[in-house]
Every structure is written in structure tokens, then in C-alpha cells.
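# Understanding the architecture of this molecule
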Amino acid sequence: MLFFIVFCFMLTLSGTGSRPEGWPLTAPVVQADIVVYGGGLAGCAAAWKAAVAAPDKQVALVVPYPGREYGGLATVGGQNFWDLRYWDRDGRLAQGGSFAHWLKAVGPFYRTADLAARIAADLGRLPNLKTYWAMDITAVRKDRRGRLRALALRELQRDATGTIAWGSGKEILAAPIFVDASEDGRLSRLSQAGVTVGRADWPAELLTGDFLNGSSDLRPRQQAATLMFKVKGVRPGRYPDMVFQRAKGVWGAYGGKKVYISDPVVTAFNDKYGPLGFALKPVNAAQDGPGSPEWWVNALLIFNVDGRANGRDRGHDAYPGDMAPGALDTDTAWQRARQLLDDPEFIRALRRFQGFEEAEVVRDAAGRPVTGDILYLRETVHTVMDPRETGPGTENNNYALNASAARGAGSGPPDGDDLGNYANRIGLGFYWQDINAYHFSDLKGSDGSYRWPVTPFLRPDYPRTTPGPDGWPQNPVYIPFNVLLSRTVPNLLIPGYAASISSLAWAELRVLPNSCVLGDAAGVAAAYAARVGRDPGTFTDADVAAIREILVKSFGVRVDK
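Conventions we followed
- Residues numbered from 1 in each chain as written.
- Predicted model: local features only at pLDDT ≥ 70, side-chain atom pairs only at ≥ 80, totals over all residues.
- Heavy atoms only, no water.
- Helix = DSSP H or I, 4+ residues; strand = E, 2+ residues; numbered from the N terminus.
- Rg over C-alpha atoms; globule rule 2.2 N^0.38 Å.
- Buried < 20%, exposed > 50% of the residue type's maximum accessible area, 1.4 Å probe, protein only.
- Contact = heavy atoms within 4.5 Å.
- Areas by Shrake-Rupley, 256 points an atom, 1.4 Å probe, with all protein chains shown as cover.
- Lys, Arg positive; Asp, Glu negative; His and termini not counted.
- Charge placed at Lys NZ, Arg CZ, Asp CG, Glu CD.
- Salt bridge = Lys/Arg side-chain N within 4 Å of Asp/Glu carboxyl O.
- Phe/Tyr/Trp six-rings, centres within 6.5 Å; stacked < 30°, edge-to-face > 60°.
- pLDDT = per-residue confidence, 0-100.
- Axes fitted to C-alpha atoms, helices over the stretch in contact; angles between N-to-C directions.
- Parallel < 35°, antiparallel > 145°, perpendicular 65-115°, else oblique.
- Left-handed = near helix turned anticlockwise from the far one by under 90°.
- Nonpolar A, V, L, I, M, F, W, Y, C, P; charged D, E, K, R; others polar.
- Expected span 1.5 Å × (residues − 1).
- Arc of directions from axis to C-beta.
- Core = buried A, V, L, I, M, F, W, Y, C linked by side-chain atoms within 4.5 Å.
- Pairing = 2+ DSSP bridges.

Take the overall build of the protein chain next. A count of helices and strands for the protein chain gives 13 helices and 21 strands. At 22 Å, the protein chain has a C-alpha radius of gyration in line with the 24 Å of a compact globule built from 561 residues. Each principal axis of the C-alpha atoms in the protein chain carries an extent, and together these give about 65 × 60 × 55 Å. In the protein chain, which comprises 561 residues, the proportion classed as buried is 65%. Contacts in the protein chain between residues at least 24 apart in sequence constitute 73% of all its contacts with a sequence separation of at least 6. Working note: accessible area of the protein chain is about 20,100 Å², and carbon and sulfur atoms make up 51% of it. In the protein chain, the 62 positive side-chain charges and the 59 negative ones have mean positions that sit 3 Å from each other.

Structure follows, in C-alpha cells:
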């Protein structure tokens, strides 16, 4: 039985298009009912829930990175821990659905291949779901009403240096409903969904370093990226400055704040390499599965990376023309970070952290460091409610989920700054407002000493944000359905980084459990839209209530506090 109808002829569609690589003159055309773009957890959750909720509809999942593993950052990216925060009031996690399922399967710390296999098993049993591996968007087609009609895809491959480049294979995907679950917001940008970059919505007085030469030309930064890397020789134990804990037979670790601030080897490393765009931060790490001698480590910050920019797009529309001075594209940042891992000063500094005194970088058969295949991007773009009202000072009035609602979330429906989100809630989000540095200078105080975390210093207007039992926000936030919408593209749902969430609110929502919540909601909403034959941008309160009921009753999503 054929679930996808493939035509091999020239596709002609009316309306606007974008020109990253040009629309292919001829390519196989696949007609689906729902297209999900993004191979990370948000994309996998969205595709899974869409295919289950609408078994008679055909779902296409586009994975825009080389390789054949689901999970994005959480698997091929090397981040093998969930960034959990339990709610003090009831001792539970605020998120359910796909996240709860995958957490139960692999535990808080896990072998990346195990999570990839679990997701593959979940998605592989669905006959109405087809995955397009290692393909990315080269152009989009829209109709005159602004609706997406089709995506032109081209194969991805790694060249001899490891950089991701275009291959020769091409495909066109047409559908009535699209989902952008990506980290770079590529589909949202190319379809002109109306996005802002990084922290462009912060108060102007906090953005002085992002204006060009004191002018009014704002080139907002995005949070520092990270390259996950593997080490061996870690020694779990009881240390005053590093916490090791074990769950389901797998070790995890976090800490090193005192070493980061005061150890002369670490501070000398950061003083030297910080101005060059790199720094060591306090460590987060986890063993790559039970009994493994290898650990994935999150400790290397990479500054001034523009997550929108890929080397393969240079000279075309998808390559941003408004990058900050000296900003790196993702491929260049990935390559330079890998080179730094070979510097003897790097491992010398890493070994100053307790439990890592004998650490060695794990290397492949060719002697190269084993790292994530993709960068850990913390922030890229954010979709606005009104593209005409963007700029500094708009963080609390131009995004469906704003900074005040996230930080001042209440304990239930009667109270809190997120009360306005309650009627159209589609899930709960919860973590600390955990901003990472935007500039290397963010890591230092006025006295020149290092500091951590940076949120209280970068946003003094939002105090008490230091992660810990007393850190704000203290309650989960109601996530409204409108975070998934674009005013200008009514048939697009956005559960990825480009969701309509302000930059400061995103500092809480950006972690993996919350990505799953957004993905679940987008998948069910896409299935609902395909069944009723209407764009998500036209949904009423009654439609959102119907979607919420499916999320709760069919998929175990938590929507109430």
C-alpha cells in the first residue's frame, strides 16, 4: 500500500519563493498531509504525535543533518542528560507526554545510541510516517495568501574536513500543514514567519554591546553555543566543588564553580582564549551509558556563533545578511572548537576540575576528537506576534509567551503572571531562567573576576534567578497555543527554537523536556488541522480545547499545576 504519492515532473506553483539554492527545475515530488522539519526531540515528538493522532494522514519528517539517528542535540549532538527540574510543591516533573516516555526508557543520564534507538522504535512502527534523512531546505513555495505550499529539499553530506555540504539528491515535499521544529528556525525564516534574532527584544539599555559602533544598527547576539565532546578517565566520587550522582546505573556530574572562578590554570586559559571566542565554564557531564569509560562533557563555550548561518548557504538567501561583527557560521565554529580540543592547554585546564584530574579526550580511529556531530545551539530566532512592532523593549508585549509570564508564573489558575495563558494552555514548561553568556565579557564582573551564573548580572531587573531551590521562576508556566503560530504563515506550526517565546522566557523553555512539550502540542495540532481541513492560524478556543483534551487523554501531557 502506497502512503506517499511520488511524481517525477516539474512542479509549478503560484506564489512567492525564496532563493537559497533556487527552486529545482525537476525533482521527485512527494505529496504528504503534514511535513515536520527538524530531527531533534521537538521534531520527533511532533512527527510521532501527528502520525498517531491522524493514522489516516501521511506525515513526512525531514532530518536536516547527516546521519541516520533521530534526536538531534540529545543524540548526535552528545547532550546525554535532560536538565531536569522538579517542582518543589509536588515533587514531580512538570512535563509529561513524549518526554516522560523517553525519560522512563533511558533515565536522567543515558547512552546517546539508546535514546536514538528508542525514538527509532517509536517512530518506526508507524506506517504513515516517512523520514527524509540528511536533507535540508533549499527553497520554499507559498501561495498568495501566505500559506506554505511546498519545500524543495537537497541532500546533505560531510566533506573531507567534516563540514556539512550539499549533496546531489533532490526532493520536493508538498503538504497543506507544515511544522518547524528545528533549532535554527530555517523554515520559519525562509517562509517569512516574522522572527527576531537572539536578544533583540531586551531593554535597549542592556544591549549596548550589540549596537554597531554606538549607532542605532542593532546586531543582537545569541547565547553562546557549545560543542559537546567525549573524555575518559573521569573519577566519580565525593568532592567539595563537583557533584556526582548515579541514576539507573549511569553517572552524571555537575559543578566546578569555584575552580572556574579562582583556579589559576582555568582563569589563565579563559583569559587567553576568551577574547578569541572560547571559554571553559563549570562542568555538566554524563557517562555514555552504564559501565562506559567514556563521558560526554558540556563545558566549552563558543561565543558569537550565528545559529542561522551555515557555510553551505554562503551567497544565497538563507545566509543571514545581518550577522554581528565577526560572527561565525555553525560549520566554522564546529571546526575551530574541534581544533581547540587538540590544544594541550585545553586538557590541562579541564583537568583542574574535581573528578577530571586524569581526563583524556576520546579520539576516533584517525586520532580526531570525538565530538557532537552538531553544535549545541542555545538560542537562534523567536517568532513575533506583530512583525511591525519589533525591537528593544518588546519582550513583554510581542511574543505569545513573554518574560514576565515565565518568571512570575503562579501556582495555579487563580494567580500568577501567566494567568492569561490558562484558557489556551497546551502544556507546562519549567526550568530556571538560565541565560548563558552572550559575550566573553559577560563572564567577568567589573572587578575583572569571573562570575557564574551570569543571569543575575545580565538581567538585574529579574533578580533571584540563580538555579537552586530558591531560584526563580518557582512555578511552571502555562504554555499558550499561540506560541506555535505565525501571523503571516497560517498553516505553519512552530515548536522549535523559533516559537513565539521572548528571549528571556526562552532561557527557561530551551531545555530538552520543554522541547518535547512543544513538539507534542504541535504534532497533535497538525493532526487536528489535517483532519478538520483548516489552518492552525484559524483555530478558535474550542479547537484548542479539543487539542488539549487529546494531549491529556491520549498522550499523558500535563497541562495543569
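Enumeration according to the criterion identifies 33 salt bridges in this entry. A salt bridge links Asp143 to Arg145, with the shortest nitrogen-to-oxygen separation between them at 3.9 Å. Assessed through its relative accessible area of 11%, Asp143 is described here as buried. Classification of Arg145 as exposed rests on a relative accessible area of 63%. Here Lys553 makes a salt bridge to Glu549, at a shortest N to O gap of 2.8 Å. Taken together, the residues Lys553 and Glu549, both in helix H13 (residues 541-555) and four residues apart, mark about one turn of the helix. Residue classification places Lys553 among the exposed residues on the basis of a relative accessible area of 65%. Judged by its relative accessible area of 41%, Glu549 falls in the partly exposed class. Salt bridges sharing partners connect three or more residues here, namely Asp136, Arg186, Arg312 and Asp313.

With the rule as written, the count across this model stands at 20 aromatic pairs. With a centroid separation of 6.2 Å and 65° between ring planes, the pair formed by Phe303 and Phe440 is classed as edge-to-face. Here Phe303 is found in the loop between strand S16 (294-302) and helix H7 (330-341), whereas its partner Phe440 is found in the loop between strand S19 (425-429) and helix H10 (455-458), with 137 residues between them in sequence. Take Phe303 and Phe440: they sit in the same class, and that class is buried.

Of the residues making up helix H2 (residues 97-106), those classed as buried are Gly97, Ser98, Phe99, Trp102, Leu103 and Val106. For H2, the elements touching its buried residues are helix H1 (41-53), helix H3 (112-124), helix H12 (512-532) and H13. In the segment just after H2, Gly107 is the residue with positive phi, at about 90°.

Following the sequence through the fold, Asp210 ends up in the loop between strand S10 (195-197) and strand S11 (225-226). Asp210 has contacts with Arg199, Asp217, Leu218, Arg219, Pro220, Arg221 and His439, leaving out every residue within four places of it along the chain.

One rule of thumb: low pLDDT means the predicted coordinates there are not for detailed reading. Summing up the model confidence of the protein chain, the mean pLDDT is 94 and the portion of residues at 70 or higher is 96%. Every residue in residues 1-20 scores below 50 in pLDDT, and together they form 59 contacts with partners more than four places removed in sequence or on other chains.

To continue, consider the packing of H12 against H13. Relative to each other, H12 and H13 sit at 120°, their axes nearing to 10 Å. With respect to each other, H12 and H13 are oriented oblique. Considering the relative orientation of H12 and H13, their crossing is right-handed. Contacts from Asp520, Ala521, Val524, Ala525, Tyr528 and Arg531 of H12 reach H13 at Asp543, Ala546, Ile547, Ile550, Leu551 and Phe555. Among the residues making up the contact of H12 with H13, the classes are represented as nine nonpolar, no polar and three charged.

With 13 residues, H3 ought to run about 18 Å at 1.5 Å a step, and its terminal C-alpha atoms sit 18 Å apart, in line with that. Three or more residues of H3 are buried, namely Thr112, Leu115, Ala116, Ile119, Asp122 and Leu123. Buried positions in H3, seen along its axis, are confined to an arc of 125° and lie on one side of it. Elements in contact with the buried residues of H3: H1, strand S4 (59-62), H2, strand S5 (129-132) and S16.

Grouped together as the largest cluster of nonpolar side chains are 140 residues, with contacts concentrated most on Trp82, Trp102, Phe353, Phe356, Leu443 and Phe481. Considering each element in turn, this core owes the most residues, 13 residues, to H12. Residue contacts for Phe356: discarding those within four places in its chain leaves Val231, Val234, Met242, Phe244, Val283, Ala285, Val297, Leu350 and Arg351. Val30, Val35, Leu153 and Phe178 belong to the second-largest nonpolar core, a separate cluster that totals 26 residues.

A few words now on the packing of H1 against H3. At a closest axis distance of 10 Å, the pairing of H1 and H3 adopts a crossing angle of 20°. Of the possible angle classes, the one that applies to H1 and H3 is roughly parallel. With respect to the hand of their crossing, H1 and H3 are arranged in left-handed fashion. Across the interface between the two elements, Leu41, Cys44 and Trp48 from H1 touch Leu115, Ile119, Asp122 and Leu123 from H3. Here the contact of H1 with H3 is composed, by residue class, of six nonpolar, no polar and one charged.

Moving on to the sheet that holds S5. Pairing is parallel in the open sheet, where five strands are placed in the order S5-S4-S3-S9-S21. At either margin of the open sheet sits one strand with a lone partner, and together these are S5 and strand S21 (492-493). In this sheet, strand S9 (residues 177-180) lies alongside strand S3 (residues 34-37) in parallel orientation, the contact comprising four bridges. Paired with Ile34 across the two strands is Ile177, which belongs to S9.

Right, let's talk about the environment of Gly355 for a bit. Tracing the backbone shows Gly355 in the loop between helix H8 (344-350) and strand S17 (360-361). A C-alpha to C-alpha distance of 36 Å links Gly355 and Asn310, two positions 45 residues apart in sequence. Discounting residues that sit within four places of it in the chain, Gly355 has contacts with Gly233, Val234, Arg235, Tyr239 and Phe244.

This part is about the environment of Ala403. Inspection of the secondary structure assignment puts Ala403 in helix H9 (residues 403-407). By relative accessible area, Ala403 is classed as buried at 0%. Along the primary structure Ala403 and Trp202 are separated by 201 residues, whereas in three dimensions their C-alpha atoms are 9.7 Å apart. In this structure Ala403 touches Glu395, Asn396, Gln433, Tyr462, Ser502, Leu504 and Ala505, once residues within four positions along its chain are discounted.

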